[in-house]
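# Breakdown of the fold
Below, each chain spelled out in residue letters.
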Amino acid sequence: MSRRGIGRAGQHFIMKRVAVFGGAKSGVAAANFLAARGESVVLTDSRPASELALEGRLDPRVQTHLGGHPGSLLEDASMIILSPGIPSSIPILKEAAERGIPILSEIELAFRHLEGPVIAITGSNGKSTTTALIGAILQQAGREPIVAGNIGEPLIASVAPGPRVYVVELSSFQLETIDSFRPDVALLLNITPDHLDRYDSIDEYAAAKQRIFRNQTPADLAILNADDARVSASVTDARVLRFSSTRRLEEGAFIEKSNLVLREGGVERTIPRANLRLAGMANVENALAAWLATHALGVGIDHVSAAFESFAGLPHRMVLVLERNGVSWINDSKGTNVDASLKSLEGMSDGSTILIVGGKDKKGEFEKLRDLVSRKARAVLTIGSSAERIAGALSGVPAEIIDAGTMEKAVQWARRNARPGDTVLLSPACASFDQYDNFEHRGRHFEELVRGSEEVA
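This report concerns the structure included in the present document. (Residues numbered from 1 in each chain as written. Predicted model: local features only at pLDDT ≥ 70, side-chain atom pairs only at ≥ 80, totals over all residues. Heavy atoms only, no water.)

Further remarks concern empty space enclosed by the protein. Tallied over the entire structure, the rule returns 2 cavities of 30 Å³ or more. Put simply, the largest cavity is a space of about 80 Å³. Here the lining of the largest cavity is built from residues that sort into 3 nonpolar, 4 polar and 5 charged. Of the volumes computed, that of the second largest cavity is approximately 30 Å³. If you go around the second largest cavity, the residues you meet are L82, S83, P84, I86, S105, F173, Q174, T177 and R198. Partitioned by chemical class, the residues of the lining of the second largest cavity number 4 nonpolar, 4 polar and 1 charged. (1 Å grid on protein atoms, 1.4 Å probe; cavity = no way out; pocket = protein on both sides within 12 Å on 5 of 7 lines; lining within 4 Å. Points joined across faces, edges and corners; volume = space filled by probe spheres on them. Nonpolar A, V, L, I, M, F, W, Y, C, P; charged D, E, K, R; others polar.)

What follows concerns the nonpolar core. V20 and I81 are the most contacted members of the largest nonpolar core, which has 50 residues in total. The leading source of residues in this core is helix α1 (residues 25–36), at 7 residues. In this structure, I81 is in contact with V18, A19, V20, F21, A30, L34, L104, S105, E106 and L109, ignoring residues within four places of it in sequence. Among the nonpolar cores identified, the runner-up in size contains 39 residues, and L187, L262, A289 and F311 belong to it. (Core = buried A, V, L, I, M, F, W, Y, C linked by side-chain atoms within 4.5 Å. Buried < 20%, exposed > 50% of the residue type's maximum accessible area, 1.4 Å probe, protein only. Helix = DSSP H or I, 4+ residues; strand = E, 2+ residues; numbered from the N terminus. Contact = heavy atoms within 4.5 Å.)

Let us look at unusual backbone geometry. Unusually for a residue other than glycine, A53 sits at a positive phi of about 50°. Overall, the relative accessible area of 52% leaves A53 in the exposed class. You will see that N325, though not glycine, has its phi angle at about 55°, which is positive. Along the chain, the position of N325 falls in the loop between β17 (319–324) and β18 (327–331). Under the relative-accessibility criterion, N325 is labelled exposed at 65%.

Attention now moves to the environment of G56. Mapped onto the elements, G56 comes out in the loop between β4 (40–45) and β5 (63–66). With relative accessibility at 84%, the residue G56 sits in the exposed group. Through-space distance from the C-alpha of G56 to that of G116 is 31 Å; in sequence the pair is 60 residues apart.

Under the definition given, this model contains 4 aromatic pairs. Pairing F173 with Y199 gives two aromatic rings, centres 6.2 Å apart and planes at 45°, and the pair type is tilted. Of this pair, F173 sits in helix α5 (residues 172–175) while Y199 sits in the loop between β11 (185–188) and α6 (202–210); the two residues are 26 residues apart in sequence, bridging distant segments of the chain. Y199 matches F173 in its accessibility class, with the two residues each being buried. Aromatic side chains Y199 and Y205 sit 5.7 Å apart centroid to centroid with 50° between the ring planes, which places their arrangement in the tilted category. Aromatic ring contacts, followed pair by pair, group F173, Y199 and Y205 into a single cluster. (Phe/Tyr/Trp six-rings, centres within 6.5 Å; stacked < 30°, edge-to-face > 60°.)

Taken across its 6 residues, β4 has 5 buried, putting it largely inside the fold. Alignment of strand β3 (residues 17–21) against β4, held across 5 bridges, turns out to be parallel. Residue pairing in the sheet places V20 in a bridge with L43 of β4. The parallel pair β3 and β4, bridged by α1, forms a crossover whose chirality is right-handed. By the bridge criterion, 4 bridges tie β4 to β5 in an arrangement that is parallel. The residue bridging D45 from the neighbouring strand is L66, located in β5. (Pairing = 2+ DSSP bridges. Right-handed = clockwise from strand over helix to strand, strands pointing away.)

A few words now on the sheet that holds strand β15 (residues 259–264). If you walk across this open sheet you meet the 9 strands as β9-β10-β8-β11-β12-β13-β14-β15-β16, and the pairing is mixed. The open sheet is flanked by β9 (146–149) and β16 (267–272), the only strands paired with a single partner. Each neighbouring strand pair of the sheet contributes to a mean axis angle of 20°, computed without reference to strand direction. Note: strand β12 (residues 221–225) against strand β13 (residues 239–244), 5 bridges, orientation parallel. Bridge pairing in β13 links L221 to R239. In the packing of helix α4 (residues 127–140) onto the sheet, contacts are made with β8 (118–122), β9, β10 (166–169) and β11, and the angle to β8 comes to roughly 155°. Packing against the sheet, helix α8 (residues 281–296) makes contact with β8, β11, β12, β13, β14 (252–256), β15 and β16, and its axis sits at approximately 35° to β15. (Axes fitted to C-alpha atoms, helices over the stretch in contact; angles between N-to-C directions.)

Moving on to the sheet that holds strand β20 (residues 377–383). Taking strand neighbours across the sheet as the criterion, the 6 strands line up as β17-β18-β22-β19-β20-β21 in an open arrangement whose pairing is mixed. Unpaired on one side and paired on the other, β17 and β21 (400–405) mark the two borders of the sheet. Strand-to-strand twist of the sheet, defined as the mean angle between neighbouring strand axes without regard to direction, takes the value 20°. In this structure, β18 lies alongside strand β22 (residues 423–426), joined through 4 bridges in parallel fashion. The residue of β22 that forms the bridge with N331 is L426.

A complete count under the given rule lists 25 salt bridges for this structure. In this structure, D179 engages R112 in a salt bridge whose closest nitrogen and oxygen atoms are separated by 3.2 Å. Here the residue D179 occupies a position in the loop between α5 and β11, and R112 occupies one in the loop between α3 (106–111) and β8, the gap between them amounting to 67 residues. The class for D179 is partly exposed, based on a relative accessible area of 35%. (Salt bridge = Lys/Arg side-chain N within 4 Å of Asp/Glu carboxyl O.)

Laid out in structure tokens, this is it:
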């Protein structure tokens, strides 16, 4: 017997049994949310129970099919909630689509139940920092935002009773299966080659990112990077404001001399660049985007400036772990694609970097690292399943290329060979899933090894 659920703004939708694909945190959160509301839910994952550790995490009312996705899952499914790590191209999901069974993301499910304005952020790089900075600005203004999505807790686990401001980081995977999701403010920060192990081309990847604007209307705001041609050409029905780190804009946010400037309706507001605690031009761009987003919600310049001064950045993103014997150790585990690692390398001194790079290959263009590696690095330590391809892409650069294989061996080599004035930089340019649960796990392991008092064996 089917049940009727009530979604956002009184929207009704029919539910019989919901099949949730994926036993990681977003799938578990979605299953628990639905079970708590009396829905019949089954959670499925291709991995066996021994690899998922669901006990204590999953509502006991949720049925499970683990170790595969049997076709019987579709027999009485009225809806599928798809975790972002599972591509919709797998056979059972293709069959579901042919049967007309709706396939939605956890983000879409959450949107149907939350109240209040939504600021949504996507992009290849900088989205976590921008999301967290927007949250910090709103907190400074006393708005008590909920910051969730691809950062922190899944959005479905963060839905609160009553109206709140939601600041939501979104990956391209999460945007693939939105339906009615409509952010009041949508930010697209940049598009650079990433996840080409999942998408056939950068155009397909860009199209997934641009779905963030899919349901916006002229009452909403789209914030675009004026310096990124793909982003700037995005099609949207929303009002558009742009940000730039290279030129003055008639409307939008930009840097001019030593000031960050927001110009709208002929009125200019300025914050000294020195007030922004975050270093690097990439973080100037993140700050400009965050300012535009919070300005749209009526946050005043004093709150923005105060947040700029106090916000120190995110874990695993260019974090100085330790300075010992004249050697700096930096954790940039969140540098999960080539362009993110390039931005991190740019700030290093010439010829003094020992770069730890590698992990799960996302078909990154590692050749793009050659010029900066040639200038900045004196050694490159490769780890993970992409090590051989990275070594091939960097063949002939002046830096020594060492196949370390594991983080332990990379840190051991660096500890033995680093000289005063060197920086050991973990910036993998790859995903982590060949050796770690996620980039946080990888970053924590690096920091534990670096801080360890004994040399790794």
